[in-house]
Amino acid sequence: MTIFVLVPGMFTGAHVWRETADRLAAAGAEAHAVRLTGLDAALRPAGCDVDLETHIADVVAVIDSLGTTGQKLVLVGHDYGIHPALGAADRRAARVDRVVYLDSGMPRDGVPAVAAVPDQSLRGRAAGGDGDLPSGEVLPPPATREEWRRWGSTEGVPGPALERLTDLAAPQPMATLLQPLRLTGAVDPVPATGILCTGNGASIEMVQMRVDRGDAALREVAEARVAFFELPTGHWPMLSMPAELADVLLRAAAGEGHRLALADASQPPAHLRPFPLDVPEAPRERHGNVDLYLPAGAEAPRPVVLFVHGGPVPADARPTPRDWPTLRGYAHCAAAGGAVAAVVDHRLHTLDDYERAAADVAAAAMERVRADPRVDADRAALWFFSAGGPIAAPWLDAPPPWLRCLAATYPVFGPLPGWGLTDSRFDPARAVANAGGLPVVLTRVGLETPAIAATVEGFLASAKECGADVDVVDVPHGHHAFETVDPTDESRDAIRRAVRAVLGRLGVPGLPTEA
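Keep in mind that this is a model prediction, so the values were computed, not measured.

Here we come to the sheet that holds strand β7 (residues 192–197). In spatial order, the strands read β2-β1-β3-β4-β7-β8-β9; together these seven strands make up an open sheet with mixed pairing. Of all the strands in the sheet, just β2 (30–33) and β9 (258–259) have a single pairing partner and so form its edges. For strand β4 (residues 98–102) and β7, the ladder comprises four bridges, and the chain directions are parallel. Paired with Leu102 across the two strands is Ile195, which belongs to β7. Here helix α8 (residues 204–212) sits on the sheet and contacts β7, β8 (227–231) and β9; the angle it forms with β8, its principal contact strand, is near 140°.

So this is what it looks like as structure tokens:
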């Protein structure tokens, strides 16, 4: 028999596990939901100082109470709960058979839990950045459905369950977030499983892409053969899908799950595979963080298309995005069609970097490119890819007269629930209401990750409501990054249509028909 020790997340108590624990018990397992001091109704002593070590001790106490029966013990940490769960597993590594990360971050030794708080503004407050929540106090719990969404998607949670979650929520002791997690390394050999909630913006496909792009932490996860599952729901699967969660936990205990693929030295990762169109190569010039591609026979100033990559891309990833086949391929297409093409390497290295990435695009790239005497400064287009999509919002909000077109390919066109951008200005679905007559060319893939697809549909709904000029290029059988993942005739046709649509709005001849 397997024993599950279930550790709740921020503001919550053992009560959130009730239905999942019942399902596990019905399947023949044993389940123990941990009551965390200061959070659970049964453990809220007045005047008690509670920190992360207090919660680690709570979890250790449950493990010790189970004895050494020889039964398999699986420790499950949801959200913040992975920090005390991992700390306890480090102290009782010989007793723990597996650690399950349930829609959580990946804590590291010496890093406090506040680093994983999703909402950036709240993370700053929790860290004492504005002085209103110093260490030793508490972070008030969400009081409404909208406030809960700042901590993760509530997709799938029934109304009564969300009301109960709110009624029983407790203030989070600040020291639990600010005290660094201390690990000895004893937990490192313990097998691990990750359960990703796609409605909260995570997916196995997205994690694999980050491995391929050189994310060092996730490469370690791939090398450790960590298993993964997905659940099509928001951040609280124990409330929205308790039966499905129980089933996945049982399968995790059995060692099942998807393993990430390490890069095959003999094969390029998906984003470095060849561009599917055979287009003549244009001369390239490198200027700082921007590459220029010049059309043949360019005498008079030509319009320009600036291509903006997605991410996050690790700062030490090589090659950098401007050397990726997809961006180079689109740049050659634009140049073949008669425009100057520019590709920028911007600094979207983490989800906290949107401000400086946007500054790179605006100042370091667009201003520099428009100042080039070979460029017609009054005719420019911006083309965003993937998670570069949020950077489009400021341009939609206040499009300058020289911006003749904005394009986006498989974009993240709104903040994903787990990204912490809910209070930022990087929301194209909101900004499109101010786009006026700015034409938008949007390439949409039919096999998109559900959370990303939802942002695109939200954008299109907003665009329809305000009458924005949006031309949609559909790729029904295409995946995210379809150009190198799905090198099909459908993909090639979609690239041609999108390029011609953008160049047409710039008033240039367009991509040759043979391309």
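Attention shifts here to the packing of helix α1 (residues 18–26) against helix α11 (residues 242–253). At a minimum axis separation of 8 Å, α1 and α11 run at an interaxial angle of 50°. Judged on the interaxial angle alone, α11 and α1 are oblique. By crossing handedness, the relation of α1 to α11 is classed as right-handed. In contact with Glu19, Thr20, Arg23 and Leu24 of α1, α11 contributes Pro242, Ala243, Leu245, Ala246, Leu249 and Leu250. Here the contact of α1 with α11 is composed, by residue class, of seven nonpolar, one polar and two charged.

With that out of the way, let us pick up the packing of helix α12 (residues 325–336) against helix α18 (residues 489–506). Where α12 meets α18, the closest approach of the two axes is 10 Å, and the angle between their N-to-C directions is 50°. Considering the angle they form, α12 stands oblique to α18. Crossing handedness for the pair α12 and α18: right-handed. Judged by residue contacts, Tyr330, Cys333 and Ala334 of α12 engage Ile495, Val499 and Leu503 from α18. Class assignment for the residues of the contact of α12 with α18 results in six nonpolar, no polar and no charged.

Further remarks concern the state of the cysteines. Under the criterion given, the structure shown has zero disulfides. Counting only cysteine sulfurs, Cys333 is the nearest neighbor of Cys405, a cysteine outside any disulfide, at a range of 15 Å. Not part of a disulfide, Cys466 finds its nearest cysteine sulfur in Cys405, a span of 16 Å. Looking at Cys466, the relative accessible area reads 33%, which means it is partly exposed.

A few words on the pairing of strand β12 (residues 302–308). Burial analysis of β12 places six of its seven residues in the buried class, which makes it a mostly covered element. In the sheet, β12 pairs with strand β14 (residues 375–385) via six bridges, with the strands oriented parallel. In the strand pairing of β14, Phe307 is matched with Trp383. As judged from the five bridges shared by β12 and strand β13 (residues 340–344), these two strands associate in the parallel manner. Looking across to β13, one finds that Val308 is bridged to Val344. Considered for its hand, the β-α-β crossover made up of β12, α12 and β13 is right-handed.

Time to look at empty space enclosed by the protein. Using the criterion set out here, one finds two cavities of 30 Å³ or more in the structure. When its volume is computed, the largest cavity comes out at roughly 170 Å³. Forming the walls of the largest cavity are 14 residues, and the residues nearest its centre are Arg213, Trp324, Thr326, Tyr410 and Ala481. The residue inventory of the lining of the largest cavity, partitioned by class, reads six nonpolar, seven polar and one charged. Approximately 90 Å³ is the volume found for the second largest cavity. For the lining of the second largest cavity, the residue count by class is seven nonpolar, four polar and one charged.

This paragraph deals with the side chain of His309. Mapped onto the fold, His309 is located in the loop between β12 and α12. Here His309 falls in the buried class, since its relative accessible area comes to 2%. In contact with His309, not counting residues within four places along its chain, are Pro321, Leu327, Val344, Asp345, His346, Phe385 and Gly388.

Under the criterion given, the structure shown has 23 salt bridges. Across the pair Arg251 and Glu256 runs a salt bridge, and its minimum N-O distance is 2.9 Å. Residue class for Arg251 comes out partly exposed when judged on its relative accessible area of 34%. In this structure, Glu457 and Arg444 form a salt bridge, with 3.0 Å as the shortest nitrogen-oxygen distance. You can see Glu457 sitting in helix α16 (residues 450–466) and its partner Arg444 sitting in strand β16 (residues 440–445), a full 13 residues away along the chain. Through salt bridges with shared partners, a single ionic network connects Arg284, Arg286, Asp291, Arg322, Asp323 and Asp345.

Cut-offs applied
- Residues numbered from 1 in each chain as written.
- Predicted model: local features only at pLDDT ≥ 70, side-chain atom pairs only at ≥ 80, totals over all residues.
- Heavy atoms only, no water.
- Pairing = 2+ DSSP bridges.
- Helix = DSSP H or I, 4+ residues; strand = E, 2+ residues; numbered from the N terminus.
- Contact = heavy atoms within 4.5 Å.
- Axes fitted to C-alpha atoms, helices over the stretch in contact; angles between N-to-C directions.
- Parallel < 35°, antiparallel > 145°, perpendicular 65-115°, else oblique.
- Left-handed = near helix turned anticlockwise from the far one by under 90°.
- Nonpolar A, V, L, I, M, F, W, Y, C, P; charged D, E, K, R; others polar.
- Disulfide = S-S within 2.5 Å.
- Buried < 20%, exposed > 50% of the residue type's maximum accessible area, 1.4 Å probe, protein only.
- Right-handed = clockwise from strand over helix to strand, strands pointing away.
- 1 Å grid on protein atoms, 1.4 Å probe; cavity = no way out; pocket = protein on both sides within 12 Å on 5 of 7 lines; lining within 4 Å.
- Points joined across faces, edges and corners; volume = space filled by probe spheres on them.
- Salt bridge = Lys/Arg side-chain N within 4 Å of Asp/Glu carboxyl O.

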